[in-house]
Amino acid sequence: MGEKLTKSDVEKIEREIEHRKLVVRKAAIEAVKEARAQGDLSENFEYYAAKKDKNQNESRIRYLERMLKNAQIVSDVSREDEVGINNTVELYMEDDDEVETYRLVTSIRGSSLNGMISTESPLGKAIFRRKVGDRVYVKVSDTAGYYVVIKKIENTQDDTEDKIRSF
């Protein structure tokens, strides 16, 4: 079983693959041709850089295609009163006495620096399918954890053009 993806994740990946095949691949092949035309390849840095860029693009295409092939499609629909994928959630962190806002996303889009937490993360697992007012224990390890209280849940439209994380 592969990554858990929503339909919008699949669409974004398909768009990236198409862009890489039709635009990036064409430009990379042209860059290799131009660098090769400069002569002696043994000391031609531009040639090696162009080949490296071309190979990285092809690797990314294979990675994304493999991800789609092995993906498990999950629904981003949740009940109005519970935390689901693509919901923005306000959490009261008891230990810090602060309110923080996160968006719950699939694992390939998780980016805590951008306020997006994965359903596979300890915090994401703890709050997934919970309701406003629930006090939830977030287990970080066998001996450590903390409590959060779900203050607010908002349905977030998934129209952002955030990038799919590469591994």
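Residues numbered from 1 in each chain as written. Predicted model: local features only at pLDDT ≥ 70, side-chain atom pairs only at ≥ 80, totals over all residues. Heavy atoms only, no water.

Enquirer: Quick one: what's the story with the overall build of the chain, residue by residue and with numbers?
Expert: Assigned secondary structure in the chain consists of three helices and seven strands. Secondary structure of the chain in N-to-C order comes out as β-α-α-β-β-β-β-α-β-β. By the compact-globule yardstick of 15 Å for 167 residues, the chain is too spread out, its C-alpha radius of gyration being 21 Å. By principal-axis analysis of the C-alpha atoms, the chain measures approximately 70 × 30 × 25 Å. Buried positions account for 38% of the 167 residues belonging to the chain. The contacts in the chain between residues at least 6 apart in sequence include a share of 55% that link residues at least 24 apart. (Helix = DSSP H or I, 4+ residues; strand = E, 2+ residues; numbered from the N terminus. Rg over C-alpha atoms; globule rule 2.2 N^0.38 Å. Buried < 20%, exposed > 50% of the residue type's maximum accessible area, 1.4 Å probe, protein only. Contact = heavy atoms within 4.5 Å.)

Enquirer: I'd like to hear about the nonpolar core, residue by residue, with values.
Expert: Ranked by internal contacts, the top residues of the largest apolar core, which has 15 residues, are Val 83, Leu 91, Leu 123, Ile 127, Val 148 and Ile 150. Secondary structure elements with two or more residues in this core: β3 (87-93), β4 (98-105), α3 (122-127), β6 (135-139) and β7 (145-155). Residue contacts for Val 148: discarding those within four places in its chain leaves Tyr 92, Met 93, Leu 123, Ile 127, Asp 134, Arg 135, Val 136 and Val 138. Residues Leu 5, Val 10, Ile 17 and Ile 108 belong to the second largest nonpolar core, which totals eight residues. (Core = buried A, V, L, I, M, F, W, Y, C linked by side-chain atoms within 4.5 Å.)

Enquirer: For the pairing of β4, give the residues involved together with the corresponding values.
Expert: Consecutive side chains along a regular strand alternate between the two faces of the sheet. Across six bridges, the pairing between β3 and β4 is antiparallel. Across the sheet, the residue bridging to Tyr 92 is Val 99, located in β4. Counted between consecutive antiparallel strands, the loop separating β3 from β4 contains four residues, among which Asp 97 sits at a positive phi close to 55°. In the sheet, β4 pairs with strand β5 (residues 116-118) via three bridges, with the strands oriented parallel. Residue pairing in the sheet places Arg 103 in a bridge with Met 116 of β5. (Pairing = 2+ DSSP bridges.)

Enquirer: Got a sec to walk through the side chain of Asp 9? Specific residues and values, please.
Expert: Relative to the assigned elements, Asp 9 resides in helix α1 (residues 7-36). The class of Asp 9 is buried, set by a relative accessible area of 0%. Separated by 2.6 Å, the side chains of Asp 9 and Thr 106 make a polar contact. Excluding residues within four positions of it along the chain, Asp 9 makes contact with Lys 4, Thr 106, Ile 108 and Arg 109. (Polar contact = N/O pair within 3.5 Å; in protein donor to acceptor, adjacent residues only side chain to side chain.)

Enquirer: Could you give an account of the side chain of Glu 82, naming the residues involved and the relevant values?
Expert: Looking at the secondary structure, you find Glu 82 in the loop between β2 (72-73) and β3. With a relative accessible area of 10%, Glu 82 lands in the buried category. There is a polar contact of 3.3 Å between the side chain of Glu 82 and the side chain of Arg 129. Those residues in contact with Glu 82, other than ones at most four positions away along the chain, are Asn 87, Arg 129, Arg 130, Lys 131 and Ile 153.

Enquirer: Break down the sheet that holds β6 for me, citing the residues and quoting the values.
Expert: Ordered in space as β5-β4-β3-β7-β6, the five strands form an open sheet in which the pairing is mixed. Each edge of the open sheet carries a strand with a single partner, namely β5 and β6. Shown here is a sheet whose adjacent strand axes are inclined to one another by a mean of 45°, direction ignored. (Axes fitted to C-alpha atoms, helices over the stretch in contact; angles between N-to-C directions.)

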